[in-house]
Amino acid sequence: MLSGKILRDAIISGANNIINNKESVDELNVFPVPDGDTGTNMSMTIRNAVAELNMLSDSATVETVAQTAASGMLRGARGNSGVILSLLFRGLSKGLAGKHEATVEDYCNALKLGSEAAYKSVMKPTEGTILTVARVAYEKVSEANCKDFKELFETLTSAAKETLDSTPEMLPVLKKAGVVDAGGMGYYTILKGMASVICDGIMIEAADETSGGEKAVVTNAAGTFETDIEFTYCTEFIVVKSDINKDATKLRAYLESIGDCVVVVDDDSIIKVHVHTEHPGKALEEGILYGSLINLKIENMKEQHKGAAAKAEMQRKQKLAPAEPTKDFGFVSVTSGAGLEELFKDLGVDIIVRGGQTMNPSTEDILEAINATPAHNIFVLPNNKNIIMAAEQAIKLTDRNVTVLQTRTIPQGITAMLAFDDSLDFRTNGVNMTKALDNVGSGSITFAVRDSDFEGKQIKKGEILAMENSKLAFVEKDVTKALIKLTKKLLRSGSSYITVIYGSDVTDETAQTAFEALRSKISDDIEIVLVNGGQPVYYYIVSVE
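What counts and what doesn't
Per chain, residue numbering runs from 1 following the sequence as it is written. Residues qualify for local features only when their pLDDT is at least 70, as the model is predicted, and side-chain atom pairs are given and counted only at 80 or more; totals for whole chains, interfaces and linings, by contrast, use all residues. Excluding hydrogens and water, the side-chain values take into account all heavy atoms of the structure. Segments assigned H or I by DSSP are reported as helices when at least four residues long, segments assigned E as strands when at least two residues long, and all are numbered from the N terminus. Contacts are residue-level and defined by heavy atoms, with any inter-residue pair within 4.5 Å sufficient. Stacked, edge-to-face and tilted are the three classes for Phe, Tyr and Trp ring pairs, Trp counted by its six-membered ring, which pair at centre distances within 6.5 Å; planes under 30 degrees apart are stacked, over 60 edge-to-face, the rest tilted. Only protein chains enter the accessibility calculation, which uses a 1.4 Å probe; a residue is then buried when its area is under 20% of its type maximum, exposed when over 50%, and partly exposed in between. Two strands pair under a simple rule: DSSP has to find at least two bridges between them. Crossovers are described as right-handed under a simple rule: with the strands pointing away from the observer, the path leading from the first strand over the helix to the second runs clockwise. All axes here are fitted lines through C-alpha atoms, helices being fitted over the stretch that makes contact, and every angle between N-to-C directions spans 0 to 180 degrees. A helix's residues, less one, multiplied by 1.5 Å, set its expected span. Residues belong to a common nonpolar core when they are buried Ala, Val, Leu, Ile, Met, Phe, Trp, Tyr or Cys residues joined through side-chain atoms within 4.5 Å.

Asker: Help me out: how do you make sense of the environment of Glu151 in this one?
Answerer: Tracing the chain through its elements places Glu151 in helix H7 (residues 149-170). On a C-alpha basis, the gap between Glu151 and Ile198 in space is 9.6 Å, while along the polypeptide they are 47 residues apart. The contact partners of Glu151, leaving out residues within four places of it in the chain, are Ala144 and Cys146.

Asker: For this particular structure, what's the right way to read the packing of aromatic side chains?
Answerer: The way to describe two aromatic rings as a pair is by their centre distance and the angle between their planes. In total, this model carries nine aromatic pairs according to the counting rule given. Measuring from centroid to centroid gives 6.3 Å for Phe379 and Phe420, while their planes differ by 70°, and the two rings are edge-to-face. Of this pair, Phe379 sits in strand S8 (residues 375-381) while Phe420 sits in the loop between helix H17 (410-418) and helix H18 (426-436); the two residues are 41 residues apart in sequence, bridging distant segments of the chain. Here Phe420 falls in the buried class, since its relative accessible area comes to 13%.

Asker: Quick question: what am I supposed to make of the pairing of strand S6 (residues 327-335) here?
Answerer: It is a general feature of regular strands that their side chains alternate between the two faces of the sheet. Burial analysis of S6 places seven of its nine residues in the buried class, which makes it a mostly covered element. Taken together, the six bridges between S6 and S8 define a ladder with parallel strand orientation. The residue of S8 that forms the bridge with Lys327 is Ala375. Relative to strand S7 (residues 351-354), S6 runs parallel, the two being bridged by four bridges. Residue pairing for S7: Thr335 is matched across the bridge by Arg354. Regarding topology, helix H14 (residues 338-346) serves as the crossover connection from S6 to the parallel S7, and that connection is right-handed.

Asker: Would you explain the sheet that holds strand S10 (residues 441-447) in this entry?
Answerer: Pairing within the open sheet is mixed, and its six strands lie in the order S14-S13-S10-S17-S15-S16. Of all the strands in the sheet, the pair left with one neighbour each is strand S14 (471-476) and strand S16 (527-532). Here the strands of the sheet are splayed against their neighbours by 20° on average, with no regard to which way each runs. The pairing of strand S15 (residues 497-502) with strand S17 (residues 540-544) spans five bridges and is classified as antiparallel. If you follow Thr499 over to S17, its bridge partner there is Ser543.

Asker: Explain helix H19 (residues 479-490) to me, please; I cannot follow it from the model alone.
Answerer: Quick reminder: α-helices carry 3.6 residues per turn. Residues three or four places apart thus point the same way. Along its twelve residues, H19 runs 16 Å from first to last C-alpha, staying within 8% of the 16 Å computed at 1.5 Å per residue. By the burial criterion, the buried members of H19 are Ala482, Leu483, Ile484, Leu486, Thr487 and Leu490. Each element contacted by the buried residues of H19 is listed here: S10, strand S13 (464-468), S14, S15, helix H20 (508-519) and S17.

Asker: Looking at this structure, I do not really get the nonpolar core. What am I missing?
Answerer: Within soluble globular proteins, side chains that are nonpolar generally end up buried alongside one another. Counting 69 residues, the largest nonpolar core has Leu7, Ile11, Tyr107, Leu152, Phe153 and Tyr187 as its most contacted members. Examining the composition of this core, we find that ten residues originate from one element, helix H9 (residues 182-200), more than from any other. In contact with Phe153, not counting residues within four places along its chain, are Tyr107, Leu191, Met194, Ala195, Ile198 and Cys199. Phe331, Met417, Leu418 and Phe426 belong to the second largest nonpolar core, which has 28 residues in total.

Note that all results are geometric; they support no functional claim without further evidence.
Have a look at this one:
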């Protein structure tokens, strides 16, 4: 029989083992972009359960231990690998429900439930990943008819290792890179830590109790403005067209001459306008040439952000307080960089979860933001493919009506916000905002963190990587050349608007020079806007509509 004390110690030992080895698991990531990385995400996910497990007494039941671990991992889940890990342990919790101690048969059933839950969470499961390692390991244990838990875990870890070693044969990209699956290795590492307790009575200790990173900061965007404000007034309005055939291109050009952060969306019957300027009256006067104005909003950003630094520091030290719903619709967006945070706030986002590439927020971070949003119906914009699953887990933990939009990039998040119409219902807006994602091409320029051979491309550490809709497009040695080449690659027939967002590692002067070089290579019929996003990791983010 397996006691609660042994199971508790085993899970803590497994957590410590992945914490100690997270960097070696990170290095198995095939794609060499700087990201949240599998080992880091899995270690932070399981680590979230350790503090609560340590508080349990030696007399705790296996049911209590499994539920505590599953709850902690669910809330702490980061990245896709972390979410899958939390689901494997949720299956363990369901299989051990009502049990004071567990039999081998109980545990086998729990492994099966975890594997099934993990597979169901992925729309198109890929064999050769952590999913395969967990499933085949369970199947081998089930077939073995183990007589005790020592034999069970010896069989489990052996089967996991054998399956892990075969993952390169299942996924050609792993074979070409000469590595096994990172998620599978993370899971095997945790199982080895658990087996150390169950088979040998030895708990693995964490070599570095502070490793695993800081908790992602969740904060209101209004409290994170860190740069000088060049233009004072955030001006927004909608033009109800007097002539539906009148093109808004000249309106956009005029607004760019009197301000920045210009967004002009020309629909069939209306024009949505957003601009930062010193002359809001001039913006309104120009807008009225196109029709009647509605939904006017002018805010003094300098006044808004007085004392923002102190407020931000206070929010960093405490969780966001839950807010009672006072309106129909609310928005939570994941992003990083003062400029981008400000832009999303201007577009109507209530709460910013600071994160993205290299800093995947947890399910609990996103849940906290959802509950702090004063609305009955809430849209969540992950803006990164590795954050979507964690966001979707938060839906199960809140009483709000939540839709997670499948935004995989920052440009998609911006486009989704612009497509929102407060005169429509929640479901219709969700459909329209999702459809709008197809109208934007997204690109980014970053760098390789390691040598790699990916999809036939030899990549050296430090080389410039151009990403087209989250996939590697090409490798370059010069950032500006990469920006020009990528933007031209994103252009389609009918493209009329390009937004170039530069990051924290690009100076204003460098960005302006690159912008001018790009402008000279693009047709004059296409509008191009340069925005200081302040984002980390990415030199440039490009949106083409």
